[in-house]
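# Secondary and tertiary structure notes
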Amino acid sequence: MTMLGHEIPWRQWRDALVGDRMHHAWMLAGKRGLGKMHFAMAAARELVAEEGVPQPDGQHPDIIVLERLPKDDKEDKKRADGKPYETKRNIAVSQIRAMQQRLNTRPTLGSRRAIIIDPSDDLEKGASNALLKSLEEPPIGTFFLLVTHQPARLLPTIRSRCRIVRFPTIADEDMARLLSAQAPDTEPATQQAAIVAANGSPGAALDFVERDLGPLFKLMQDIITNGDPDFMLRGRLADTIGARPNRERIQATLDLARSVVSGAVDQASSADYPAIVEAHAELVTLTSQAPTYNFDAGLLVAEIGTLLASAAPNRERANV
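Residues numbered from 1 in each chain as written. Predicted model: local features only at pLDDT ≥ 70, side-chain atom pairs only at ≥ 80, totals over all residues. Heavy atoms only, no water.

## Points about the pattern of salt bridges
Scanning all chains against the criterion turns up nine salt bridges. Linking Asp 174 and Arg 177 is a salt bridge whose minimum nitrogen-to-oxygen distance equals 2.2 Å. You can see Asp 174 and its partner Arg 177 sitting in helix H7 (residues 172-182), three residues apart, about one turn around the helix. For Arg 177, a relative accessible area of 53% translates into the label exposed. Arg 234 is paired through a salt bridge with Asp 228; the nearest N and O atoms lie 2.8 Å apart. Classification of Asp 228 by relative accessible area gives buried; the value is 1%. (Salt bridge = Lys/Arg side-chain N within 4 Å of Asp/Glu carboxyl O. Helix = DSSP H or I, 4+ residues; strand = E, 2+ residues; numbered from the N terminus. Buried < 20%, exposed > 50% of the residue type's maximum accessible area, 1.4 Å probe, protein only.)

In structure tokens:
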């Protein structure tokens, strides 16, 4: 089993598994859209499979997956301590506690069990502390796979107990072949824009095509190239994104804006370079903050447009 860009991580995993050198905790790190969760599921299935033991076609009982708790579930369920759920993380301590209860019993089919946490950087503070205890004293035959887009958000004590596997970004020519195979009806201009905007992430490139983000990408490029002294382009940007964008739309917009700013670095003059770097840093901050608090989508979109305009060449930077 290999996906595009998974060759080296898969070889690391197989060498450890076949050579009986399995570490009890693995951190699968890399930007969004690289297929880390797909890798985790395939690796977990291979880990728990044992010779002579029939394997189920569906969800394996010895693979436990912890993901973000849906908003409705958070509202309907109360924490054991009676306190409200934290808003800055989306994987609750109650989920870790429930997982730990399951670890008190033997695996269902074989001698090994896999725990996948995706994304592990969205653990509540209490959940992180509870998970650390399991990582410090893992039950025999239990292995953890922590999927993360931002390893720095995890506790240093968690990171230090994991073997870190980094997933590389994909070369443009490989991205082009992928899009030609999986989205063959995509126009060449849209395909090229998707490759530029995705910045090495095949998932992001396919998402770009599926969401038809070409017009939004072009508009962002116009803002950073020509500035927006009369605010017309920023108004069009807001209209294109929509009056009430959901969090996924906002996240895609932020990712796209960062790609546009990153792409402008190579063409920047020495005089314009500081403004571009500052705009990119601000967009990175906004991206990290967006999932963690209730924001005014309209104000956030306006901020994205203003940051793009602030990265325009100095001669075009007016009314920013």
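Past the structure itself, the notes keep going.
## Focus: the packing of helix H11 (residues 232-241) against helix H14 (residues 297-310)
Two elements in contact, H11 and H14, have axes whose closest approach is 9 Å; the angle formed by their N-to-C orientations is 135°. Judged by the angle between their axes, H11 and H14 are oblique. As H11 runs across H14, the sense of the crossing is right-handed. Contacts between H11 and H14 involve Arg 234, Leu 237, Ala 238 and Ile 241 from the first element and Val 301, Gly 305, Thr 306 and Ala 309 from the second. For the contact of H11 with H14, the residue count by class is five nonpolar, two polar and one charged. (Axes fitted to C-alpha atoms, helices over the stretch in contact; angles between N-to-C directions. Parallel < 35°, antiparallel > 145°, perpendicular 65-115°, else oblique. Left-handed = near helix turned anticlockwise from the far one by under 90°. Contact = heavy atoms within 4.5 Å. Nonpolar A, V, L, I, M, F, W, Y, C, P; charged D, E, K, R; others polar.)

## Notes on the nonpolar core
Counting residues in each nonpolar core, the largest one holds 45 residues, and the members touching the most others are Phe 208, Met 220, Leu 256 and Leu 308. The element contributing the most residues to this core is helix H12 (residues 247-265), with eight residues. Once residues lying within four places of it in the same chain are set aside, the contact partners of Phe 208 are Thr 190, Ala 193, Ala 194, Ala 197, Leu 213, Gly 214, Phe 217 and Leu 256. Of all hydrophobic cores here, the second largest spans 23 residues; its members include Trp 13, Met 22, Ala 43 and Leu 145. (Core = buried A, V, L, I, M, F, W, Y, C linked by side-chain atoms within 4.5 Å.)

## Describing unusual backbone geometry
Here the residue pair Asp 118 and Pro 119 is connected by a cis peptide bond, since its omega of -10° sits within 30 degrees of zero. With respect to the secondary-structure elements, Pro 119 resides in the loop between strand E3 (113-118) and helix H5 (125-136). In this structure, Asn 199 takes a positive phi of about 50° despite not being glycine. In this model, Asp 212 sits at a positive phi of 55°, which is unusual for a non-glycine residue. You can see Asp 212 is positioned in the loop between helix H9 (202-210) and helix H10 (214-226).

## Description of H5
Spanning twelve residues, H5 covers 17 Å between terminal C-alpha atoms, matching the ideal 16 Å at 1.5 Å per step. For H5, the set of buried residues is Ala 127, Ser 128, Ala 130, Leu 131, Leu 132, Ser 134 and Leu 135. Buried residues belonging to H5 abut strand E1 (25-29), helix H4 (93-102), E3, strand E4 (142-148) and helix H6 (156-159). (Expected span 1.5 Å × (residues − 1).)

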